[in-house]
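Structural characterization, general
Residues per chain are reported as follows:
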Amino acid sequence: WGRLYNIHTENENEEYLRRMAMAVEYFHIRESDYDLMDQLVELETQIHQKGGLSVFEIHSFIRYGRVYAAVEYDEVLGCVYFMRDFDNPGKAFLYGILIKPGETSKRLAETLLLSAFSDLKDSGIRMVEVTVHPSNHKAIRIYRDMLDFHIINLGDDEDPADEDFLELRKTL
């Protein structure tokens, strides 16, 4: 497994999140990580039932994008999928994040993303973008308040509720 050892802490919030996840290890998943891939398929099915990513799609993300997992005692607790922007090789798109039911209270999403951002930065990625539905207040709060994303598709006087989706960006 491609272990991610360095979590770069830039503020107290990131340091707190790092301490909260001490028993959890973070991995950049490789094609040879068959057990982790199988667990990702199970997690997709558990969360999305029939609408989750298939083994083929997960394999494609692993091969042509980046997939990171939070693992505790060989059990996948969550994962995040990234794609590189072909028009801007220094930018990645955060396609999706899944956290196992029952693990969300541990702020696992934040620590997994911080770990992934560190590895992406080391790989030459300088910014990450994500789209979020305006009604997903929890995700918007996490991205903006805890992970320092900024909404890029709204003017100062525009109401987020009027948009089909919000585009958020973080500079790494």
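Since the model is a prediction, treat every value here as computed from it, not as a measurement. (Residues numbered from 1 in each chain as written. Predicted model: local features only at pLDDT ≥ 70, side-chain atom pairs only at ≥ 80, totals over all residues. Heavy atoms only, no water.)

So, about the confidence of the model for the chain. When pLDDT is averaged across the chain, the result is 85; 84% of the residues are at 70 or more. By mean pLDDT, strand 1 (residues 2-3) is the weakest element of the chain at 44, and strand 6 (residues 127-132) is the strongest at 96. (pLDDT = per-residue confidence, 0-100. Helix = DSSP H or I, 4+ residues; strand = E, 2+ residues; numbered from the N terminus.)

The next subject is the packing of aromatic side chains. The final tally for this structure, using the stated rule, is six aromatic pairs. On the numbers, 5.1 Å between centres and 65° between planes, the contact of Tyr143 with Phe149 is edge-to-face. The same class applies to Tyr143 and to Phe149, which are both buried. (Phe/Tyr/Trp six-rings, centres within 6.5 Å; stacked < 30°, edge-to-face > 60°. Buried < 20%, exposed > 50% of the residue type's maximum accessible area, 1.4 Å probe, protein only.)

Below, the discussion takes up the nonpolar core. One recurring pattern in soluble globular proteins is that nonpolar side chains are buried together. Membership of the largest hydrophobic core comes to 33 residues, with the highest contact counts inside it found for Phe82, Val128 and Tyr143. Among the elements of the structure, strand 3 (66-72), strand 4 (75-84), strand 5 (91-99), helix 4 (108-122), strand 6, helix 5 (137-146) and strand 8 (166-171) are those that each provide at least two residues to this core. Look past the residues within four positions of Tyr143 in its chain and what remains in contact with it is Leu94, Ile97, Leu113, Val130, Val132, Asp148, Phe149 and Leu168. Core analysis: the next-biggest nonpolar cluster, separate from the first, contains 17 residues, Leu43, Ile58, Val71 and Tyr81 among them. (Core = buried A, V, L, I, M, F, W, Y, C linked by side-chain atoms within 4.5 Å. Contact = heavy atoms within 4.5 Å.)

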